[in-house]
Amino acid sequence: MDSRVLKEYLEKNQFPIVRKRYHKYLTFEGVEDCYTYILKEGTVKASVISNDGREFNLRYIKDLEIVSLLKDEYSQFIDSPYNIRIESEYAEFYRINRVKFWEHINEDPKMQHYVKEYYRYRLLYSMKKMQQMLLNGKLGAVCTQLYELYDLFGVRTEEGMMIDFVITNEEIAKFCGISTASSVSRILKQLKENGIITVKDHRIIITNMDLLEDNIIF
């Protein structure tokens, strides 16, 4: 998704910047808010809470992108659709009055196209992620998540393809719909024994991408 249009829009307007520190929340699911937030710098995590209190992780966001859904354009306040938590040392966001943002969109054909592409991209991503999680089983779901993490944070090293981001087994479990971190630990141990991954300095290194992909239904 081309973010140049969004970048040009932000550069033309002097919106206030909100700065949040590590593990602070920008928004909470179900809490009313009158702003649209666009990630300027940092890494954040989107998640939702189930009726029984369990957290389900949706995705990490680390590029210039809208991080709060736009929803009804005429209401000043809307309920935030999910939690946004800061996962880097800090993160900065453009904060825009959401009604004013919609007015800008309706007046700018380029921004209209960007928003349509934004929703289309998010819908396709959600459908693909649901397909992978439902069809792959626990092992495949973990492999799918590792593949996605490498796509976001991957760095090529002499030892393999390193996920340059520290993530706990508990967080991986929340992405995969797995109830316990110990289940993820067993799967990661199996992947290590099969020569697919290794761990160094709390970072996962994929040593055999082909074998990892063999466990994923794309």
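- In the nomenclature of an unreviewed UniProt entry, the chain corresponds to CarD family transcriptional regulator from the organism Enterococcus hirae.

Digging into the layout of surface pockets
- In this structure, the largest pocket spans a volume of roughly 600 Å³.
- Along the walls of the largest pocket sit 23 residues, with Tyr121, Arg122, Tyr125, Asp151 and Leu152 positioned nearest its centre.
- Of all the elements in the fold, those that place two or more residues in the lining of the largest pocket are β6 (55-61) and α3 (109-153).
- The residue makeup of the lining of the largest pocket, split by class, is 10 nonpolar, 3 polar and 10 charged.
- There is about 400 Å³ of room inside the second largest pocket.
- Every residue lining the second largest pocket is counted, 18 residues in all, and those nearest its centre are Leu58, Arg59, Arg122, Tyr125 and Ser126.
- Of all the secondary structure elements, the ones that give two or more residues to the lining of the second largest pocket are β6, α3 and α4 (169-176).

Brief notes about unusual backbone geometry
- Positive phi is not limited to glycine here, since aspartate 201 has a value of about 55°.
- In this structure, aspartate 201 sits in the loop between β13 (197-200) and β14 (203-206).
- Taking the relative accessible area as the measure of exposure, aspartate 201 reaches 57% and is therefore exposed.
- One non-glycine residue with positive phi stands out, namely histidine 202, at about 65°.
- By secondary structure assignment, the location of histidine 202 is in the loop between β13 and β14.

Overview of the nonpolar core
- Counting residues in hydrophobic clusters, the biggest one holds 29 residues, and the most contacted among them are Leu146, Ile163 and Ile172.
- If you list the elements that add at least two residues to this core, you get α3, β12 (160-163), α4, α5 (181-193), β14 and α6 (209-214).
- A total of 8 residues in this core trace back to one element, the largest contributor, which is α3.
- What isoleucine 163 contacts, discounting residues up to four positions off in sequence, is Leu146, Leu149, Tyr150, Phe153, Arg203, Ile204 and Ile206.
- Formed by 15 residues, the second largest nonpolar core is a distinct cluster that contains Leu10, Ile38, Ile96 and Ile105.

Here is what the cut-offs are and how they apply
Residues numbered from 1 in each chain as written. Predicted model: local features only at pLDDT ≥ 70, side-chain atom pairs only at ≥ 80, totals over all residues. Heavy atoms only, no water. 1 Å grid on protein atoms, 1.4 Å probe; cavity = no way out; pocket = protein on both sides within 12 Å on 5 of 7 lines; lining within 4 Å. Points joined across faces, edges and corners; volume = space filled by probe spheres on them. Helix = DSSP H or I, 4+ residues; strand = E, 2+ residues; numbered from the N terminus. Nonpolar A, V, L, I, M, F, W, Y, C, P; charged D, E, K, R; others polar. Buried < 20%, exposed > 50% of the residue type's maximum accessible area, 1.4 Å probe, protein only. Core = buried A, V, L, I, M, F, W, Y, C linked by side-chain atoms within 4.5 Å. Contact = heavy atoms within 4.5 Å.

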